[in-house]
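Take a look at the letters that make up each chain.
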Amino acid sequence: MTSMTPSTSPNSANTGNRNALLSIEQIVKTYRKPNGDQFVVLNGIDMTIGQQEYVSIIGHSGCGKSTLMRIVAGLEKPTSGLVTLEGKAIRKPGAERMMVFQGYALLPWLTVRENIRMAVDEVFKTMSRADKIAIVNEHINMVKLSAAADKYPHELSGGMKQRVGVARALATRPKMLLLD
Ligand SMILES: Nc1ncnc2c1ncn2[C@@H]1O[C@H](COP(=O)(O)OP(=O)(O)OP(=O)(O)O)[C@@H](O)[C@H]1O
Ligand SMILES: [Mg+2]
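This is a predicted model, so every value here is computed, not measured.

Engineer: Sorry if this is basic, but what is going on with the environment of Leu68 here?
Structural biologist: The residue Leu68 is located in helix α1 (residues 65–73) in this model. For Leu68, a relative accessible area of 3% puts it in the buried group. As a C-alpha pair, Leu68 and Leu179 span 111 residues in sequence and 12 Å in three-dimensional space.

Following this line, the structure appears as structure tokens:
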């Protein structure tokens, strides 16, 4: 939709493309309805996000916020338009853009610790085991989940699950954090 409101942090105003971290240009996303008609979710979205910038996207339920984030995360392709991170086109997921999902997206058969560790293993392939354990512990402590570190997602509250998602995303030290 075009009714989403990007609200930038006060001291970052419009940074222009010079310091752009992320550039969203003319993004259109349509889904096909069961009757074959096109359903337009995003219609010509333009946005530039600078380095060190914090942007909130506000809009009514169903206006396309998660869709836009999934496109930036590389989990979904736009129907047309371009998203670039530091000038490089985004075509697939990457560890420099980590997402905290609205629906948590934790693996139910892994504990809190294992969910975070899996992301760390995936991103830091050559890191020593000791360093990986230290990063996982640091982030479990950061989100105040040390008492629940060996629990499974179904044993956690919604807020705890969300914090596992935050820890998992931050543990891989991304350039950009997408908080849905
Ligand atoms: N895979 C899909 N196929 C068809 N329609 C979809 C699909 N994914 C999302 N939609 C539709 O696109 C619209 C935008 O969905 P989206 O999840 O981006 O909304 P949102 O702004 O994140 O809403 P909320 O605030 O409720 O999380 C909704 O109408 C939704 O039904
Ligand atoms: Mg959403």
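Additional details are given in the paragraphs that follow.
Engineer: Please explain the coordination of the magnesium ion (ligand 2) as it appears in this structure.
Structural biologist: Six octahedrally arranged donors around a metal ideally form angles of 90 or 180 degrees; four tetrahedrally arranged donors ideally form angles of 109.5 degrees. Coordination sphere of the magnesium ion (ligand 2), protein contribution only: Ser66 (OG) and Gln102 (OE1), at 2.0 to 2.2 Å. Of this pair, Ser66 sits in helix α1 while Gln102 is found in the loop between β7 (97–100) and α2 (112–123), placing the two residues 36 residues apart along the sequence. Residue classification places Gln102 among the exposed positions, given a relative accessible area of 54%.

Engineer: Would you mind going over the pattern of salt bridges with me for this structure?
Structural biologist: Side chains that differ in charge, positive against negative, can pair when their charged atoms come close. As enumerated under the stated definition, the model contains 9 salt bridges in all. Where Lys175 meets Glu86, a salt bridge forms, and the shortest distance between an N and an O atom there is 2.8 Å. Of this pair, Lys175 sits in the loop between α4 (158–171) and β8 (176–179) while Glu86 sits in the loop between β5 (80–85) and β6 (88–89), and the two are 89 residues apart along the sequence. By relative accessible area, Glu86 is classed as partly exposed at 41%. In this structure, Asp150 engages Arg113 in a salt bridge whose closest nitrogen and oxygen atoms are separated by 3.1 Å. Here Asp150 is found in the loop between α3 (129–142) and α4, whereas its partner Arg113 is found in helix α2, with 37 residues between them in sequence. A relative accessible area of 53% means that Asp150 is categorised as exposed. In this structure Arg113 comes out as partly exposed when scored by relative accessible area, which is 30%.

Engineer: Would you explain α2 in this entry?
Structural biologist: Two residues of an α-helix separated by three or four positions point the same way, owing to the 3.6 residues in each turn. End to end, α2 covers 17 Å across 12 residues, agreeing with the expected 16 Å (1.5 Å per residue, within 8%). Every buried residue of α2 is listed here: Val112, Asn115, Ile116, Ala119 and Val120. Buried residues along α2 cover an arc of 135° about the axis, so they all sit on one side. In this structure, the buried residues of α2 make contact with α3 and α4.

Engineer: Is there a simple way to explain the domain arrangement of the chain in this structure?
Structural biologist: Where interface size is quoted, it is often the accessible area lost as the parts come together. Here the domain parsing of the chain yields domain 1 (5–89) and domain 2 (98–175). Computed from C-alpha atoms alone, the centre-to-centre distance between domain 1 and domain 2 is 26 Å. Each partner contributes residues to the interface: domain 1 has 7 residues there, and domain 2 has 4 residues. Both faces combined, the contact of domain 1 with domain 2 buries some 410 Å², and carbon together with sulfur accounts for 69% of it.

Scoring rules and cut-offs
Residues numbered from 1 in each chain as written. Chains lettered and ligands numbered in written order. Predicted model: local features only at pLDDT ≥ 70, side-chain atom pairs only at ≥ 80, totals over all residues. Heavy atoms only, no water. Helix = DSSP H or I, 4+ residues; strand = E, 2+ residues; numbered from the N terminus. Buried < 20%, exposed > 50% of the residue type's maximum accessible area, 1.4 Å probe, protein only. Donors = N, O, S within 2.8 Å, 3.2 Å for Na, K, Ca; no water. Salt bridge = Lys/Arg side-chain N within 4 Å of Asp/Glu carboxyl O. Expected span 1.5 Å × (residues − 1). Arc of directions from axis to C-beta. Contact = heavy atoms within 4.5 Å. Domains from an automatic or database assignment. Buried area = accessible area lost by both parts, 1.4 Å probe.

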